[in-house]
Amino acid sequence: QTVRWHIALQPWASPTPSLNYEASRFLKYISTSQISCEHTNLNSLKGYSETAKKPWSICLDERFSLIHRIRRKQCRLYSLGLGNNDNQFELSMANSGCEVHRFDPSIKSAHIQEGRHLWYHRLSIDWRDPNPAIAAHKLHSNTKKLGTVLNEFGHQKIDVLKADVESAEWKILENLILEDVVEQIGQLVFEVHIHWPGFEVSGNDSTVVRYWYSLLRELELKDFRLFHTYKDLSKPQMFLKKEAFNASSCYTLSWVNTRWK
């Protein structure tokens, strides 16, 4: 299998590159469900309270595997975060019998187990593994790619990958696509930030938006379908540092891998 180094960029949205056209295409894309999902929260499961600060929506329809794996207590959630205290979703999934792994570099110990189903790991999931030969990378020795962690933990599959990584999500998503790790994931729930390009995403504004859009189209090619979009109106209305396009700076997007029946 050949290694891919770059995602395939979609054609421009207009004959000449234009931020207006790119932005409207991208915002329409993330606001349009590609598949309907009737059951998108854990209310029906025990131990769930409605105090979650954000709607981390998962698809619990019978035609997909997640609800069946939850019932059999065979599901696994990976949660990527950066010092975020809102762990209601993780607790709910653990209470439902799922094996929950939360990765956060701000955790006090390397590995902490809370209860039967919940583990905390002092690890930051990144789009690259640190190079031990580079002194600066030694600072990031608790930074790893998701594929590396899956191998080290001996996990073949993740039923749900939740990510709230404050603008590292674009490069992490690119890494998951390029290394085919995304095919080991049943559902993705990502908070995406669009008030600036994101870590190590370069180019002018229209180029950045084309890249974001192309990434999400790659997910579609991998049989992921968007079923829920939450526009966070509590965040500034900013799109690439401009108050434009009636866009929030933050959206939570949920996809289901339709190959996982």
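Residues numbered from 1 in each chain as written. Predicted model: local features only at pLDDT ≥ 70, side-chain atom pairs only at ≥ 80, totals over all residues. Heavy atoms only, no water.

- By the naming in an unreviewed UniProt entry, the protein is MET24 protein, taken from Gymnorhina tibicen.

## Side note on unusual backbone geometry
Part 1: Located in the positive-phi region is aspartate 223, a residue other than glycine, with phi close to 75°.
Part 2: In this fold, aspartate 223 is placed in the loop between α7 (205–221) and β9 (224–231).
Part 3: Residue aspartate 223 is classed as partly exposed on the basis of its relative accessible area of 22%. (Helix = DSSP H or I, 4+ residues; strand = E, 2+ residues; numbered from the N terminus. Buried < 20%, exposed > 50% of the residue type's maximum accessible area, 1.4 Å probe, protein only.)

## Let's talk about the pairing of strand β7 (residues 158–164)
Side-chain direction in a regular strand flips from residue to residue, so the side chains alternate between the two faces of the sheet.
Part 1: The buried fraction of β7 amounts to seven of the seven residues, a majority that puts the element mostly inside the structure.
Part 2: Pairing between strand β1 (residues 76–81) and β7: five bridges, direction parallel. Bridge pairing in β7 places leucine 77 opposite valine 160.
Part 3: Relative to strand β8 (residues 185–193), β7 is paired through five bridges, and the arrangement is parallel. Bridging from a neighbouring strand, alanine 163 pairs with phenylalanine 190 of β8. (Pairing = 2+ DSSP bridges.)

## A closer look at the pattern of salt bridges
Part 1: Tallied over the entire structure, the rule returns 15 salt bridges.
Part 2: Salt-bridge contacts for glutamate 90 lead to arginine 102; the nearest nitrogen and oxygen are separated by 2.7 Å. Of the two residues, glutamate 90 sits in helix α3 (residues 88–95) while arginine 102 sits in strand β2 (residues 99–103), which places them twelve residues apart along the sequence. Accessibility assignment for this pair places glutamate 90 and arginine 102 in one class, buried. (Salt bridge = Lys/Arg side-chain N within 4 Å of Asp/Glu carboxyl O.)

## Some remarks on helix α5 (residues 146–153)
Because an α-helix packs 3.6 residues into every turn, residues spaced three or four apart end up facing the same way.
Part 1: Taken residue by residue, α5 has Leu146, Gly147, Thr148, Val149 and Leu150 as its buried positions.
Part 2: At the C-terminal side of α5, glycine 154 shows a positive phi close to 70°.

## Some points on the environment of valine 201
Part 1: Secondary-structure assignment places valine 201 in the loop between β8 and α7.
Part 2: Judged by relative accessible area, valine 201 falls into the buried class, the value being 13%.
Part 3: Separated by 34 residues in the primary sequence, valine 201 and serine 167 have C-alpha atoms spaced 9.8 Å apart.
Part 4: With sequence-adjacent residues up to four places away left out, valine 201 is seen in contact with Trp170, Lys171, Val208 and Tyr211. (Contact = heavy atoms within 4.5 Å.)

## Some points on the sheet that holds β8
Part 1: Strand order across the open sheet formed by eight strands is β3-β4-β2-β1-β7-β8-β10-β9, with mixed pairing between neighbours. The open sheet is flanked by β3 (111–114) and β9, the only strands paired with a single partner. The average undirected angle you get between the axes of adjacent strands in this sheet is 15°. (Axes fitted to C-alpha atoms, helices over the stretch in contact; angles between N-to-C directions.)

## As for the state of the cysteines
Part 1: For the structure on display, the rule yields two disulfides.
Part 2: The residue that forms a disulfide with cysteine 75 is cysteine 98, at a sulfur-sulfur distance of 1.7 Å. Its torsion about the S-S bond being -100°, the disulfide of cysteine 75 and cysteine 98 is classed as left-handed. Of this pair, cysteine 75 sits in the loop between α2 (65–71) and β1 while cysteine 98 sits in the loop between α3 and β2, and the two are 23 residues apart along the sequence. Cysteine 98 matches cysteine 75 in its accessibility class, with the two residues each being buried. (Disulfide = S-S within 2.5 Å.)

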